[in-house]
Amino acid sequence: MSHSTISPARRALGAAHGAVPAGTTVFDDAPAVANLDPDLLAALRRAAAAAAGEGVVFRVNGGWRSPAYQGELLSEAVAEHGSPEAAARWVSTPETSAHVAGRAIDLAADARAWLADHGAAYGLYRVYRNEPWHFELWPWSSPPPMYPDPSHDPRTRR
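Residues numbered from 1 in each chain as written. Predicted model: local features only at pLDDT ≥ 70, side-chain atom pairs only at ≥ 80, totals over all residues. Heavy atoms only, no water.

1. Quick word on the overall build of the chain
Scanning the chain from N- to C-terminus turns up 6 helices and 4 strands. Taken from the N to the C terminus, the helices and strands of the chain come in the order α-α-α-β-α-α-β-α-β-β. Against the 2.2 N^0.38 benchmark of 15 Å for 158 residues, the chain shows a C-alpha radius of gyration of 15 Å, consistent with a compact globule. For the chain, the residues scored as buried account for 44% of the 158 residues in total. Taking contacts inside the chain between residues at least 6 apart in sequence as the whole, the part at least 24 apart equals 60%. Accessible surface computed for the chain: about 7,800 Å², of which carbon and sulfur atoms make up 56%. Side-chain charges in the chain split into 14 positive and 17 negative, and the spacing between the mean points of these groups amounts to 2 Å. (Helix = DSSP H or I, 4+ residues; strand = E, 2+ residues; numbered from the N terminus. Rg over C-alpha atoms; globule rule 2.2 N^0.38 Å. Buried < 20%, exposed > 50% of the residue type's maximum accessible area, 1.4 Å probe, protein only. Contact = heavy atoms within 4.5 Å. Areas by Shrake-Rupley, 256 points an atom, 1.4 Å probe, with all protein chains shown as cover. Lys, Arg positive; Asp, Glu negative; His and termini not counted. Charge placed at Lys NZ, Arg CZ, Asp CG, Glu CD.)

2. Re the pairing of strand 2 (residues 104-107)
Side chains Ala-104 and Asp-106 project from strand 2 onto one buried face, and the interleaved Ile-105 and Leu-107 project onto a second face that is buried too. Sheet analysis places strand 1 (residues 60-62) next to strand 2, joined by 2 bridges and oriented antiparallel. Paired with Val-60 across the strands is Leu-107, a residue of strand 2. Pairing of strand 2 with strand 4 (residues 134-137) involves 3 bridges; the strand directions are antiparallel. Looking across to strand 4, one finds that Ala-104 is bridged to Glu-136. (Pairing = 2+ DSSP bridges.)

3. A short note on the environment of Asn-130
Tracing the backbone through its elements, the reader meets Asn-130 in the loop between strand 3 (124-126) and strand 4. Between the alpha carbons of Asn-130 and Pro-148 there is a distance of 6.2 Å; along the sequence they are 18 residues apart.

4. Remarks on the side chain of Arg-10
Structurally, Arg-10 is set in helix 1 (residues 8-13). In terms of polar contacts, Arg-10 uses its side chain to reach the side chain of Tyr-69, at 3.2 Å. (Polar contact = N/O pair within 3.5 Å; in protein donor to acceptor, adjacent residues only side chain to side chain.)

5. Observations regarding the sheet that holds strand 2
Read from one edge to the other, the open sheet built from 4 strands follows the order 1-2-4-3, with strand pairing classed as antiparallel. With partners counted over all chains shown, the strands left at the sheet margins are strand 1 and strand 3, one partner each. Averaged over all pairs of adjacent strands, the angle between strand axes in this sheet comes to 45°, irrespective of strand direction. With respect to the sheet, helix 6 (residues 109-118) is in contact with strand 1, strand 2, strand 3 and strand 4, its orientation differing from that of strand 2 by roughly 115°. (Axes fitted to C-alpha atoms, helices over the stretch in contact; angles between N-to-C directions.)

6. Topic: the pattern of salt bridges
Tallied over the entire structure, the rule returns 5 salt bridges. Two residues, Glu-136 and Arg-155, come together in a salt bridge whose shortest N-O distance is 2.7 Å. Of this pair, Glu-136 sits in strand 4 while Arg-155 is found in the segment after strand 4, placing the two residues 19 residues apart along the sequence. Measuring nitrogen to oxygen at the nearest pair gives 2.7 Å for the salt bridge that ties Arg-155 to Asp-153. (Salt bridge = Lys/Arg side-chain N within 4 Å of Asp/Glu carboxyl O.)

7. With respect to the layout of surface pockets
Of the volumes computed, that of the largest pocket is approximately 770 Å³. Considering the residues around the largest pocket, the lining is formed by 31 residues, among which Arg-65, Leu-73, Val-91, Asp-106 and Trp-133 are closest to the centre. Sorting elements by how many residues they give to the lining of the largest pocket places helix 4 (residues 67-81) first, with 7 residues. Looking at side-chain class alone, the lining of the largest pocket contains 13 nonpolar, 11 polar and 7 charged residues. Of the volumes computed, that of the second largest pocket is approximately 160 Å³. What lines the second largest pocket is simply Leu-74, Pro-84, Ala-88, Val-91, Ser-92, Thr-93, Thr-96, Pro-150, Ser-151, Thr-156 and Arg-157. Partitioned by chemical class, the residues of the lining of the second largest pocket number 5 nonpolar, 5 polar and 1 charged. (1 Å grid on protein atoms, 1.4 Å probe; cavity = no way out; pocket = protein on both sides within 12 Å on 5 of 7 lines; lining within 4 Å. Points joined across faces, edges and corners; volume = space filled by probe spheres on them. Nonpolar A, V, L, I, M, F, W, Y, C, P; charged D, E, K, R; others polar.)

Dropping the structure here:
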């Protein structure tokens with residue numbers, strides 16, 4: 001989504017509600033990072049420390065979000081995609097979003113490529129085929145299911 005399509009309401013919410021300042025990494029204390037689930041954040045930081053040895057930086061595009069911020073993202077997605085059903089392929093409701101719960105992070109390209117190869121060692125997995133940037137902590141011994149998009153994830157249905 002281009003900067004020009006960001007709603008004034010979302011811009012007004014800012015970093016305190018989960019907007020990510022440019023250049024933020026998993027080691028920064030911006031609310032989008034600091035408010036992540038502690039286990040997820042610890043796993044991300046362990047993985048990022050290992051990746052740094054290969055010159056990879058875990059830059060954050062999205063992390064924890066307030067319900068208000070998530071609601072603005074959903075409103076923008078409905079406007080962009082034409083219906084709540086189409087928007088649900090990309091953005092969950094504030095009530096069901098893993099981001100609002102602090103259980104998901106969206107990462108820049110170099111980090112996601114590194115995690116595709118090494119993330120399982122840290123319990124970090126993609127769960128949506130259409131969102132290669134979205135990672136969650138999956139601490140169980142088998143990998144999580146890979147859903148086509150969030151609308152197929154039973155955790156996002158109410």
